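Here is what each chain is made of, one letter per residue.
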Amino acid sequence: MVLITGNSMSSFSTSSIDVDSTSSIPPWSRFNQWIHSICIVMFDLELGQVLEVMYPGDAILSAQEKANICYLAFPDSNNAHSRDTKYHFRIRRSQSDVTSYQQSLILNSPSNLPIHPQFLYGFVHFRQERDLSIPRGFYQKSVVLLSIIPFFHLYSTIIEKIALGYFEMGEPAIEAACHDMDQWGPPIAGQSFQLPIMGTVIQCRLPSACDIPFTQFDDIRLNVSDGIIKIKSIYEPDIYKNLQSVMKHIQLVWELVITGEPLLIMASSPTRVASIVQSLVALISPLRYASDFRPYFTIHDSEFREYTGRSKHTARVILGVTNPFFVKALDHWPHILKVSDVSEIDSNDKQSDKTRKHWDGRILDAKDGLFTQYKPFLQRDEGLLKKLSKDGPSEMHSSVLQRHLLELTQSFMIPLERYLSSLMPLRKEMSPFKSIPSVRPFVIQNFLMTLEEAGPSLTCGIKGDWTGLYRRFIVCPSFAEWLSSRSSSMSQQIKSVYVDSLCDTMIDKEVLAQRHHVEIVDLVLRIRQRVVEMESSSVKRNQLISQIRNILNCVDDDLKCVLESNCSLRDILA
């Protein structure tokens, strides 16, 4: 059972925020650009998990969202030791509103940053301590930071500082942290920040869609000291470290992820399972993973029935679980990865060369491994495995793996990009007297016919049934989102070229004399529509208005009267 208690920040008044009296920026507005809220979840012997307090108090969460947060704020695997546990989760929002800065961040961040206004990330710091004065014998409480922005390393660092301060000093520590965060500038893609938080400064840079992979940024030049924390990457997981247990099958797993196959990850701790799920989502960078994924999932989640039902088609989702109940509940899933803790992997470095075909849901202590009957379309890259087997620092292996996966995904996407570009209308096909042309439809069979001469083999040495892999990819959500995004971008590009054509075309009396009045009226209305869509300060807008005036001066008086009778056109020319 989950109880949602009232109250929030009764002692954190707006006067405690250091805002210039002449400033019109209200309290919490800067805070809300980065963070949705901070919650304290405790365990009550009679009520179960309880949402004890939330900062700010007016943060909007539905009753269902609060219940999900309470359950996800506690590890559901049994452990009787005193410990601190850090991990993150992802839940669906009832509302998808974002601030203007957040919307800009979404548009200008890398395509593989898994940010979506319909989902909230929760960054958890859970503490369990033996306390004989409590009937249950343990003190259990979590501090949870909620945000739509998946800056994993940044927010994990922040929640650790806040939680340690809270467990030592209580709510004043959270109030101080909120005060600090309410002084931060708005999150802008590509910008470097120095973020003060509870006596330290975090140096970081927000990623941008314009960033080149593996480029090192060092925009902030301060002397490193005890009071400064520098985060190199605020969102990219260490794929090599997190997926070591499945390294011999990394290409097979890449196929499962890029084709949106259902994948269940089982581990003993939410820390381990959340890091694996996030690394799986990052496998297909720079392509965005469009299916749902839950870094940590419990039996109490409101979408439990949706994702665990025995329907004909298993939901396209990556689930991270720790509860042994899932061993039997999801034994029908087509792909299951069971992993040990990192410490266990280090002590036993051997991996099976083969996947296991059958998962026995009756066995709670099934051996680690990848259970799947999936037959890979591509041949295994033995060269990659040879490089990763060599002695060397983890950072070197991580770089080798990331570059390989990046090149593999890019090689996979290049034929799609090339074919889509061929669907663009040519500039010579555009005419001011015609409507804006559109991108021609994507025909799957026509695309597949291009692979023989322009397939991934041109840029990638991996052999296999690439056509079969594309057929599987084209029916998954990641393809649909990519095609929608690219089509929208190309439509904007076409519109921009069309506007240039409207501005540059010489339209004089001789040209207009060869056109019917209906065509001229359509032309003027078409230009008017483009003018309405532009900002008043746009140079192109002024050029189009000049073009309208030029047309009015070149037509006869009767047609001119008809055109000027249009109210919106008169407003533009006024």
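Up top is the structure these notes are about.
Residues numbered from 1 in each chain as written. Predicted model: local features only at pLDDT ≥ 70, side-chain atom pairs only at ≥ 80, totals over all residues. Heavy atoms only, no water.

A. Main features of the pattern of salt bridges. Across all of its chains, the model carries 20 salt bridges by this definition. Across the salt bridge formed by Asp211 and Arg205, the nearest N and O atoms sit 2.9 Å from each other. For Asp211, a relative accessible area of 23% puts it in the partly exposed group. Overall, Arg205 belongs to the buried group, its relative accessible area being 17%. Each of Arg90, Arg92, Asp292, Arg294 and Glu303 takes part in salt bridges that share partners, so that together they form one network. (Salt bridge = Lys/Arg side-chain N within 4 Å of Asp/Glu carboxyl O. Buried < 20%, exposed > 50% of the residue type's maximum accessible area, 1.4 Å probe, protein only.)

B. Summary view of the environment of Phe152. Along the polypeptide, Phe152 turns up in helix H4 (residues 152-169). Here the alpha-carbon distance between Phe152 and Tyr87, two residues 65 residues apart in the chain, equals 9.4 Å. With near-sequence residues (within four places) excluded, Phe152 lies in contact with His88, Pro114, Tyr121, Phe123, Ile234, Tyr235 and Gln278. (Helix = DSSP H or I, 4+ residues; strand = E, 2+ residues; numbered from the N terminus. Contact = heavy atoms within 4.5 Å.)

C. Region of the structure containing the packing of aromatic side chains. Taken as a whole and assessed by the stated rule, the structure comprises 30 aromatic pairs. Relative to Phe31, the ring of Trp28 lies with its centre 4.9 Å away and its plane at 85°, an arrangement referred to as edge-to-face. Here Trp28 and Phe31 have matching classes, each one buried. For the pair Tyr374 and Phe377, a centre-to-centre distance of 6.2 Å together with 70° between the ring planes defines the contact as edge-to-face. Residue classification places Tyr374 among the buried positions, given a relative accessible area of 8%. Taking relative accessible area as the criterion, Phe377 reaches 19% and is therefore assigned buried. (Phe/Tyr/Trp six-rings, centres within 6.5 Å; stacked < 30°, edge-to-face > 60°.)

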